[in-house]
Amino acid sequence: PIGESHRLYWAGIGAFLWYALMLMVIVFAVLLVFSIFVFPQIDTLFENNESAMPPLTLFVMTTLRSLTYLFFLLIAAPVVAFVVIARRIRDAMQRLEPLHGVVTRIPGLAALCAAYNTALLLNFSRLLACAGVAAEHALDEVAHMQQPDQAARGEAPVVAAGRADLKSRADPVSGALRLARRTGTLAAELEYLSARSQSIFAATLATVREEFTLVAQVSVGIVIATLVVSMYLPIFKMGIIF
């Protein structure tokens, strides 16, 4: 079922991308509404009194003055980037190709791309093994196929699950394959890991979502809290400002 499983992987990565995109749009929408409807009123109210304003308020107002006309660009740029990235990932998955390039370096997406590449490596290696190729040769052949640049340079075959994508030597899949190769049980290990490849990807996706959700919530909270606090601070210094 290799050809069908890409839909499951794309559904997981696609949901992560849309979630990240919606959070980004929400943040920029809050900043845009604030800069259009709230900031001009406050700027007029405190005009010519900048020296008496709290430092945080002065910093926020100065930043908004310089970025007011860039908000539309700041909103459009990440939206276009996310659409391009999503299309590239979907097209690669439809062709059952490993993911390379910039998408494998984006925080969050890097782990998901590595898990997807590992699933391809395991499934294709198992497919060759079922066709009669020795497990060791099958794993090396698929690794070279997924990393043609290393093969062209004559580098040693990749014997672990996507060494270029899974940097950490503590990766459980890589460790299991290395151990199975040494003990002569690589064929059985490939069969087992191939059957669990979707579970491995699902576990990675759940971990990335939890980490991203925590970081996103903290970031959104900091942005909104900074805006609110910076606008309320001058109220406590009304006597000095006016």
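Provided above is the structure to which this section pertains.
Student: Would you mind going over the layout of surface pockets in detail, with residue names and values included?
Tutor: The computed volume of the second largest pocket comes to approximately 330 Å³. Ala20, Leu23, Met24, Phe82 and Phe212 are, among the 17 residues lining the second largest pocket, the residues nearest its centre. For the lining of the second largest pocket, the elements supplying multiple residues, two or more each, are α1 (2–45), α3 (71–94) and α9 (197–232). Of the residues belonging to the lining of the second largest pocket, the class tally is 16 nonpolar, 1 polar and no charged.

Student: How would you explain empty space enclosed by the protein if you had to name every residue and give the values?
Tutor: Overall, the coordinates contain 1 cavity of 30 Å³ or more when judged by the stated rule. Empty space within the largest cavity amounts to approximately 30 Å³. Taken together, Ala115, Thr118, Ala119, Leu122, Ser197, Ile200 and Phe201 make up the full set of residues lining the largest cavity. Ranked by the residues each element gives to the lining of the largest cavity, the list is headed by helix α4 (residues 109–130), at 4 residues.

Student: So what about the pattern of salt bridges? Which residues, and what values?
Tutor: According to the stated counting rule, one finds 4 salt bridges in the structure shown. One salt bridge in this structure joins Glu191 and Arg126, with 3.5 Å as the shortest N-O distance. Separated by 65 residues along the polypeptide, Glu191 in helix α8 (residues 186–195) and Arg126 in helix α4 bring together distant segments of the chain. Residues Arg181 and Asp140 are paired through a salt bridge, measuring 3.2 Å at the closest nitrogen-oxygen approach. Taken together, the positions of Arg181 in helix α7 (residues 172–183) and Asp140 in helix α5 (residues 135–146) put the pair 41 residues apart, joining distant regions of the chain.

Calculation rules
- Residues numbered from 1 in each chain as written.
- Predicted model: local features only at pLDDT ≥ 70, side-chain atom pairs only at ≥ 80, totals over all residues.
- Heavy atoms only, no water.
- 1 Å grid on protein atoms, 1.4 Å probe; cavity = no way out; pocket = protein on both sides within 12 Å on 5 of 7 lines; lining within 4 Å.
- Points joined across faces, edges and corners; volume = space filled by probe spheres on them.
- Helix = DSSP H or I, 4+ residues; strand = E, 2+ residues; numbered from the N terminus.
- Nonpolar A, V, L, I, M, F, W, Y, C, P; charged D, E, K, R; others polar.
- Salt bridge = Lys/Arg side-chain N within 4 Å of Asp/Glu carboxyl O.

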